Amino acid sequence: MTIKERKEREREEMRSLILTAASEIMKKEGIDSLSIRKIATRIEYSPAIIYHYFQDKDDIVNHLMQEGYQRIVDALASVPPSSDRPEERLKELTRNYIGAALQMSDEYMAVQLNNAPAVLEYTAWLFKGASNKKAALQILYLYLKEIFRNKGMDDTSIELTAQVMATATFGLVVKLIVENNIPEEQRTALIEHHIKCIVDGMILGKPLSN
């Protein structure tokens, strides 16, 4: 390993150490409580060292948001569809999103319930045109567009449907995280019935029979 390669590895290790510490603080105390001084105390370095790797707190938050958002997008895109039917792929997409969110529950809550502009840059999905700018919502939008193809629904209505569906799923995820003592059988039943209500009921207009 060359001196340049070793220095680059050491730099990446320090950046990772800083981001890990920041993520732990954020999960426990919230983004608003995050500070350069707290990060420095946790990693046992001076605040000046952190400024050598990141511009400021917002720069650190920005990196954390990118990583968290990318994990959600990867969860939606990485699992190959088990069916050629778009409605079945939509169910799988929703199931994958809920699973990914629950696996990162502390981070999900800290981020999604924060209204700081730097955070909303990544988490907002209710504005007009969001399906063109937010990768996760775009995946949902494209599935819906395939389902509604030849049914006379315009793009604006499809985007609104995607936004409403995403918001309903967000609500379920938050409640599952807050009510974390729900038995696994009930949790699974809620998730599956939510998916049935959204896709079979709201999207396809089918009766919700067992």
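All figures in this text were calculated on a predicted structure; none of them were measured in a lab. (Residues numbered from 1 in each chain as written. Predicted model: local features only at pLDDT ≥ 70, side-chain atom pairs only at ≥ 80, totals over all residues. Heavy atoms only, no water.)

1. Quick word on the overall build of the protein
Short version of the rule: Runs of E in the DSSP output that reach at least two residues are strands. Runs of H or I that reach at least four are helices, and both are numbered from the N terminus. Relative accessibility thresholds used throughout: buried, under 20% of the residue-type maximum; exposed, over 50%; partly exposed, between the two (1.4 Å probe, protein chains only). Throughout, a residue-residue contact means that at least one pair of heavy atoms, one from each residue, lies within 4.5 Å. Each accessible area is a Shrake-Rupley estimate made with a 1.4 Å probe; only the visible protein chains count as cover when residues are assessed. All tallies of charge rest on Lys and Arg as positive and Asp and Glu as negative; His and the ends of each chain are not included. To locate a charge, take atom NZ for lysine, CZ for arginine, CG for aspartate or CD for glutamate.
Along the backbone of the protein there are 11 helices and 0 strands. A buried classification covers 44% of the 210 residues belonging to the protein. Nonlocal contacts in the protein, meaning residues at least 24 apart in sequence, comprise 63% of its contacts between residues at least 6 apart. When the accessible surface of the protein is split by element, carbon and sulfur atoms take 51% of a total near 12200 Å². The distance from the centre of the 27 positive side-chain charges to the centre of the 30 negative ones in the protein is 1 Å.

2. A look at the side chain of threonine 123
Structurally, the position occupied by threonine 123 is in helix H7 (residues 117–123). For threonine 123, the contacting residues outside a window of four places in its chain are Val111, Gln112 and Lys134.

3. A closer look at the packing of aromatic side chains
We apply this condition: Each Phe, Tyr or Trp ring (for Trp, its six-membered ring) is paired with any other whose centre lies within 6.5 Å, and the angle between the two planes then decides the class: stacked below 30 degrees, edge-to-face above 60, tilted in between.
Scanning the entire structure with this criterion turns up 3 aromatic pairs. On the basis of an interplanar angle of 75° and a centroid distance of 6.4 Å, the ring pair of tyrosine 97 and tyrosine 108 is categorised as edge-to-face. In this pair, tyrosine 97 is assigned in helix H5 (residues 86–103) and tyrosine 108 in helix H6 (residues 105–112), connecting sequence segments 11 residues apart. In this structure tyrosine 108 comes out as buried when scored by relative accessible area, which is 3%. Aromatic side chains tyrosine 108 and phenylalanine 170 sit 6.2 Å apart centroid to centroid with 40° between the ring planes, which places their arrangement in the tilted category.

4. Details of the confidence of the model for the protein
Defined as follows: For every residue, the pLDDT score states the predictor's confidence, bounded by 0 at the bottom and 100 at the top.
Chain-level pLDDT for the protein is 87 on average; 95% of the residues reach the 70-or-more range. The spread of mean pLDDT over the elements of the protein runs between helix H4 (residues 57–78), the lowest at 77, and helix H10 (residues 155–178), the highest at 95.

5. Here we look at the nonpolar core
Here is the rule we go by: Working definition of a nonpolar core: buried Ala, Val, Leu, Ile, Met, Phe, Trp, Tyr and Cys residues. They are joined through side-chain atoms within 4.5 Å.
Core analysis: the biggest nonpolar cluster contains 40 residues, and Leu90, Tyr108, Leu140, Leu144 and Val173 have the highest contact counts within it. Sorting the residues of this core by element identifies H4, H5, H6, helix H9 (135–147), H10 and helix H11 (184–203) as the ones contributing at least two each. Here this core takes 10 residues from H10, the largest share from any one element. Apart from the residues lying within four places of it in its own chain, the contact partners of tyrosine 108 are Tyr97, Ala101, Leu113, Phe170, Val173, Val174 and Ile177. Within the second largest apolar cluster, 25 residues are counted, among which are Ala21, Met26, Ile39 and Leu64.

6. Let's talk about H5
Threshold: To estimate the expected span of a helix, subtract one from its residue number and multiply by 1.5 Å.
Between its terminal C-alpha atoms H5 stretches 26 Å, which fits the 26 Å expected from 18 residues at 1.5 Å a residue. Of all 18 residues making up H5, 14 are buried, and the element is well covered by its neighbours.

7. Quick notes on the pattern of salt bridges
The cut-off we apply is this: Any Lys or Arg side-chain nitrogen found within 4 Å of a carboxyl oxygen on Asp or Glu counts as a salt bridge.
The full count for this structure, using the stated rule, is 10 salt bridges. Among the ionic pairs, glutamate 13 bridges to arginine 9, the shortest N-O distance being 3.9 Å. Taken together, the residues span about one helical turn, with glutamate 13 and arginine 9 both in helix H1 (residues 3–29) at a distance of 4 residues. Owing to a relative accessible area of 47%, glutamate 13 belongs among the partly exposed residues under this scheme. A cluster of three or more residues bridged by salt bridges with shared partners is formed by Glu88, Lys91 and Asp200.

8. Structural notes on the environment of tyrosine 51
Inspection of the secondary structure assignment puts tyrosine 51 in helix H3 (residues 47–53). Distance in space between the C-alpha atoms of tyrosine 51 and isoleucine 36 is 8.4 Å, their sequence separation being 15 residues.

9. Let's talk about a nonpolar patch on the surface
To keep it simple, the criterion reads: Residues qualify for a patch when their relative accessible area is over 30% and they have no salt bridge, like charges being joined within 9 Å and the nonpolar side chains of Val, Leu, Ile, Met, Phe, Trp and Tyr within 5 Å.
Taken together, the side chains of Leu17, Tyr45 and Ile49 define a hydrophobic patch exposed on the protein surface, amounting to about 240 Å² of accessible area. The partly exposed category is assigned to leucine 17, whose relative accessible area is 36%.

10. Examining unusual backbone geometry
One non-glycine residue with positive phi stands out, namely glutamate 44, at about 60°. With respect to the element layout, glutamate 44 can be found in the loop between helix H2 (36–43) and H3. In this structure glutamate 44 comes out as exposed when scored by relative accessible area, which is 72%.

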